[in-house]
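Examination of the molecular architecture
One letter stands for each residue in the lines below.
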Amino acid sequence: MFNAIVIDKNDEGQNVAMTALESDALPEGDVLVRVGYSAINYKDALAITAASPVVRSFPMVPGIDLAGEVEQSSDPRWQVGDKVVLNGWGVGESHWGGLAQYARLKGDWLVRLPDAFDARQAMIIGTAGYTASLCVDALADHGVTPGDGEVLVTGASGGVGSIAIALLAKAGHTVVASTGKLNEEAYLKGLGATEVIDRAALSEAGKPMQRERWAGVVDAVGGNTLANACAQTRYRGAVTACGLAESMNFPASVAPFILRGVTLYGIDSVMAPLEPRERAWARLARDLGADTLESVASDIALGDAPGVAADLLAGKIKGRLVVDVNK
Ligand code: NDP
């Protein structure tokens, strides 16, 4: 038997509860992982609250992230005792996920846990941090350098934003953090932001072209904020769009793209191939120290996971929620 958060659905709606399951209830897969830690990401909160149709089949164990140890494997690439991390691939959406003491998975989905991290640290990072790293890689590939000017991070106090600030600052960029939590200025500056701005300055509809400011942008919120960020991006600068915490809409004009040569990069973590995943994790392993990770982490037990989802969607959580699935 093992414990898992289970989302079930009937005519009256969705029910979420910690449940004891038989190990033979696990879905098919070639690697059995004993999970050490998982996390609550924005998408997990959407799944748990049913705020958006993230879950594709019921019953579902949510959790798009997990880190743990291989306990059984019929995949020659993975041996008993290997330490692994998993982000995305539809896990926690269409395949039982990480908010459980065990997960059975495809070997193709696993990434070797970098030596720099233990399972808990990997989940402090989780999909949010790995996505932040994909964004920073995209800006670097575009050629954005510290000498080019300020880089904007939106949704700054959230998971993606917090890790993006730390990675960008470590790479030498001048980072401006846009947040709804102005009382968290010390936290954001501690991560490496040089300036903290009120997200209200970006969230109203703005002109198609505005004063050029940003050499690069990591946007986790979409909506008017993303449109304004594009309109304020400097000639031949780059914007990475990875989130929708403000809105799924993109009420923008083509002006920044055709008149300033701005490039908008879409960032997807879920189906990203192995090479960019390993590269993103290598940046995280190189650039994030243990102290930085601790500063963004809040620890919760498995049974607490359903209760925190609404607060996360309301933007009330700072940094990353790490779940000890054995507590
Ligand atoms: P979090 O909930 O940790 O952070 C989101 C942050 O966005 C909040 O902390 C808040 O920061 C800000 N925010 C919340 N509500 C609003 C609002 N109404 N308007 C403007 N800003 C708001 O989520 P994550 O960092 O984990 O994820 C951020 C986004 O990225 C989500 O939309 C998520 O779905 C997406 N995502 C996408 C991935 C991909 O593969 N493309 C992978 C991972 C995440 P503050 O108070 O500082 O403004």
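Above this note sits the structure.
A brief structural summary. (Residues numbered from 1 in each chain as written. Predicted model: local features only at pLDDT ≥ 70, side-chain atom pairs only at ≥ 80, totals over all residues. Heavy atoms only, no water.)

**Some remarks on the overall build of the chain**
When you go through the chain residue by residue, the secondary structure sums to 10 helices and 15 strands. Rg of the C-alpha trace for the chain: 20 Å, near the compact-globule value of 20 Å for 327 residues, within the 12% margin. A buried classification covers 54% of the 327 residues belonging to the chain. Carbon and sulfur atoms make up 49% of the accessible area of the chain, which totals about 13,700 Å². Taken together, the 28 basic and 39 acidic charged side chains of the chain have centroids lying 6 Å from each other. (Helix = DSSP H or I, 4+ residues; strand = E, 2+ residues; numbered from the N terminus. Rg over C-alpha atoms; globule rule 2.2 N^0.38 Å. Buried < 20%, exposed > 50% of the residue type's maximum accessible area, 1.4 Å probe, protein only. Areas by Shrake-Rupley, 256 points an atom, 1.4 Å probe, with all protein chains shown as cover. Lys, Arg positive; Asp, Glu negative; His and termini not counted. Charge placed at Lys NZ, Arg CZ, Asp CG, Glu CD.)

**Overview of the packing of aromatic side chains**
Two numbers describe a pair of aromatic rings. These are the distance of the centres and the angle of the planes. Applying the stated criterion to the full structure yields two aromatic pairs. Here F2 and Y102 contribute two aromatic rings whose centre-to-centre distance is 6.1 Å and whose plane-to-plane angle is 75°, an arrangement assigned as edge-to-face. Of this pair, F2 sits in strand β1 (residues 2–10) while Y102 sits in strand β6 (residues 102–105), and the two are 100 residues apart along the sequence. Residue classification places F2 among the buried positions, given a relative accessible area of 3%. Pairing F117 with W281 gives two aromatic rings, centres 6.2 Å apart and planes at 70°, and the pair type is edge-to-face. Taken together, the residues F117 in the loop between β7 (111–112) and α2 (119–142) and W281 in helix α8 (residues 274–287) connect sequence positions 164 residues apart. (Phe/Tyr/Trp six-rings, centres within 6.5 Å; stacked < 30°, edge-to-face > 60°.)

**Description of the site of the ligand**
Looking at the ligand, there are 27 residues lining it, with S157, V160, T179, I267 and S269 nearest. Here the ligand has 920 Å² of accessible area as a free molecule, and 88% of this is covered by the chains. Broken down by secondary-structure element, the contributors of at least two residues to the shell around the ligand are α2 and α3 (159–170). The greatest single-element share of the shell around the ligand, amounting to three residues, is contributed by α2. Of the residues belonging to the shell around the ligand, the class tally is 12 nonpolar, 11 polar and four charged. Taken together, domain 1 (2–113 + 296–324) and domain 2 (127–266) each give at least three residues to the shell around the ligand, which thus spans both. (Near = heavy atom within 4 Å. Nonpolar A, V, L, I, M, F, W, Y, C, P; charged D, E, K, R; others polar. Domains from an automatic or database assignment.)

**Points about the environment of A290**
Mapping A290 onto the fold places it in helix α9 (residues 290–296). Accessibility expressed as a relative area gives 44% for A290, which makes it partly exposed. Sequence separation of A290 and N41 is 249 residues, and the distance between their C-alpha atoms is 20 Å.

**Focus on the pattern of salt bridges**
Overall, the coordinates contain 19 salt bridges when judged by the stated rule. The salt bridge partner of K83 is E69, with a shortest N-O separation of 3.8 Å. Residue K83 is located in strand β5 (residues 83–87), and its partner E69 is located in strand β4 (residues 65–73); the two are separated by 14 residues in the primary sequence. For E69, a relative accessible area of 27% translates into the label partly exposed. The network of salt bridges with common partners includes R34, E69, E71 and K83. (Salt bridge = Lys/Arg side-chain N within 4 Å of Asp/Glu carboxyl O.)

**Side note on the nonpolar core**
Ranked by internal contacts, the top residues of the largest apolar core, which has 51 residues, are I165, L168, L188, V218, W281, L284 and L288. Ranked by residues supplied to this core, first place goes to α2 with 13 residues. Here this core spans two domains, since at least three of its residues come from each of domain 1 (2–113 + 296–324) and domain 2 (127–266). Beyond its immediate sequence surroundings of up to four residues, L288 is in contact with F117, I125, I163, A166, L167 and L293. (Core = buried A, V, L, I, M, F, W, Y, C linked by side-chain atoms within 4.5 Å. Contact = heavy atoms within 4.5 Å.)

**Structural notes on the pairing of strand β2 (residues 13–21)**
A regular strand carries its side chains on alternate faces of the sheet. With nine bridges connecting them, β1 and β2 associate as antiparallel partners. What sits directly across from N3, in β2, is A20. The hairpin turn running from β1 into β2, its antiparallel successor, is two residues long. (Pairing = 2+ DSSP bridges.)

**Remarks on α2**
Helix length check: α2, at 24 residues, gives a terminal C-alpha distance of 32 Å against a target of 34 Å (1.5 Å per residue), a fit within 8%. Maximal helix bending in α2 amounts to about 65°, located at G126. With 21 of its 24 residues buried, α2 lies for the most part within the structure. If you check the start of α2, you find a side-chain oxygen 3.2 Å away from the backbone N of R120, and it comes from D118. (Expected span 1.5 Å × (residues − 1). Bend = angle between axes of the 7 residues up to and from the residue. Polar contact = N/O pair within 3.5 Å; in protein donor to acceptor, adjacent residues only side chain to side chain.)

**A word on the sheet that holds strand β11 (residues 214–219)**
A sheet is described by the order of its strands in space; here six strands give the open sequence β10-β9-β8-β11-β12-β13, paired in parallel fashion. Two strands close off the open sheet at either side, each with one partner strand: β10 (193–198) and β13 (263–266). Averaged over all neighbouring strand pairs, the angle between strand axes comes to 20°, with direction disregarded. Across three bridges, the pairing between strand β8 (residues 150–153) and β11 is parallel. Directly across from L152, in β11, lies its bridge partner V217. α2 rests against β8, β11, β12 (233–241) and β13 of the sheet, and its axis sits at about 155° to β12. Together, β8, β9 (174–179), β10 and β11 form the strand contacts of α3, whose direction differs from that of β8 by roughly 165°. (Axes fitted to C-alpha atoms, helices over the stretch in contact; angles between N-to-C directions.)

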